[in-house]
Amino acid sequence: MENLTFDLSRQSVRELNQHLHGSPESLAGQHVEVLHPDGAHNIAVGINAPVSVTIKGHAGYYAAGMNKFADVTIEGSASTGVAENMMSGKVHVKGFASNGAGASAHGGLLVIDGDAGLRCGISLKGGDIVVGGSVGSFSGFMAQAGRMVICGNAGDALGDSLYEAVIYVKGEIKSLGADAQLEPLTEADTTALADLLAKAGLAHAPTDFKRVASARSLYHWNADADQDY
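Every chain is numbered on its own, with residues counted from 1 as its sequence reads. In view of the model being predicted, local features appear only for residues whose pLDDT reaches at least 70, and side-chain atom pairs are presented and counted only at 80 or more, with totals across whole chains, interfaces and linings using the full set of residues. The side-chain numbers reported here are obtained from all heavy atoms of the structure, hydrogens and water having been left aside.

Looking at an unreviewed UniProt entry, one finds the chain named Protein glxC and attributed to Malikia spinosa.

1. Here we look at a nonpolar patch on the surface
The following threshold applies: Any residue with relative accessible area above 30% and no salt bridge may belong to a patch, with like charges joined within 9 Å and the nonpolar Val, Leu, Ile, Met, Phe, Trp and Tyr side chains within 5 Å. Working definition of accessibility: Shrake-Rupley area with a 1.4 Å probe, residue cover restricted to the visible protein chains. The working definition used for a salt bridge is a side-chain nitrogen of Lys or Arg within 4 Å of a carboxyl oxygen of Asp or Glu. For each residue, the accessible area found with a 1.4 Å probe, counting protein chains only, is set against the maximum for its type, and the residue is called buried under 20%, exposed over 50%, and partly exposed in between.
On the surface, a cluster of nonpolar side chains totalling about 250 Å² of accessible area is made up of Met142, Tyr163 and Tyr219. The exposure class of Tyr219 is partly exposed, given its relative accessible area of 33%.

2. Examining the environment of His36
Formally: Secondary structure is summarised from DSSP: a helix means a run of H or I of at least four residues, a strand means a run of E of at least two, and numbering begins at the N terminus for each. Whenever two N or O atoms come within 3.5 Å, that pair is a polar contact, provided that in protein one can donate a hydrogen and the other can accept it, and provided that, for residues adjacent in sequence, both atoms are side-chain atoms.
For His36, the location among the structural elements is in the loop between β2 (31-35) and β3 (52-55). Given a relative accessible area of 43%, His36 falls into the partly exposed group. Considering only alpha carbons, one finds His36 and Ser161, 125 residues apart in sequence, at a separation of 40 Å. A polar contact of 2.9 Å, which involves the side chain of His36, links it to the side chain of Asp7.

3. As for the side chain of Ser123
This is how it is decided: The contact definition used throughout considers only heavy atoms, calling two residues in contact when any of these lie within 4.5 Å.
If you trace the backbone, Ser123 turns up in the loop between β6 (109-112) and β7 (125-131). Residue Ser123 is classed as buried on the basis of its relative accessible area of 16%. Within the structure, Ser123 has its side chain in polar contact with the side chain of Lys125 (distance 2.7 Å). Ser123 has contacts with Ser104, Phe141, Met142, Ala143 and Gln144, leaving out every residue within four places of it along the chain.

4. A word on the state of the cysteines
Let me state the cut-off plainly: To count as a disulfide, a pair of cysteine sulfur atoms needs to be within 2.5 Å.
Following the criterion strictly, the structure yields zero disulfides and no others. Cys151 supplies the cysteine sulfur nearest to Cys120, a cysteine that is in no disulfide, at a spacing of 12 Å. Using a relative accessible area of 0% as the deciding quantity, one classes Cys120 as buried.

Here it is, written out as structure tokens:
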């Protein structure tokens, strides 16, 4: 494996990203280490290659956004929109994540060891998100497909306007959003949970989780509801 280092105290984020936007053939098997990120925005965005990236510190907005194929590890916390619109690959935040983590992710796996802020997994479209801690309010808002695993607690309006995504919560749920409901945990759920927890390196019993899914009452307009759902 070829190892490269970018030091953002001396080099720009643009230089780093230009390298990471090289051809998949040239980047395959590379490991890129990013030193002194110091909360810079847009680190390692738009990767489309099977490359490994380690960010040695905290990252700013949209770190590892639009990721495809790459394995990105952030050895710190991440600000707004980490792994947003991810297509495939894996993004691992070893600290905490701010608002909108994993927003609109179509595929891949986002792992957050700590807590995540508001709207984690908003408009999720097929990706998987595993949070080792708790999540803020409106997480899973309008999540259309994919799975979220929350090993801590969830804030207000969890899964508001949920479509076909499924949310698993181990801790307390402050409140469910519109059209979200608790459902019995099935054998298929526990199998999926065991797989996701193993991929995230977390040792929790799958049977300790609750399943949240859509009641599907918002799928069709109901003129008699008088806007009261």
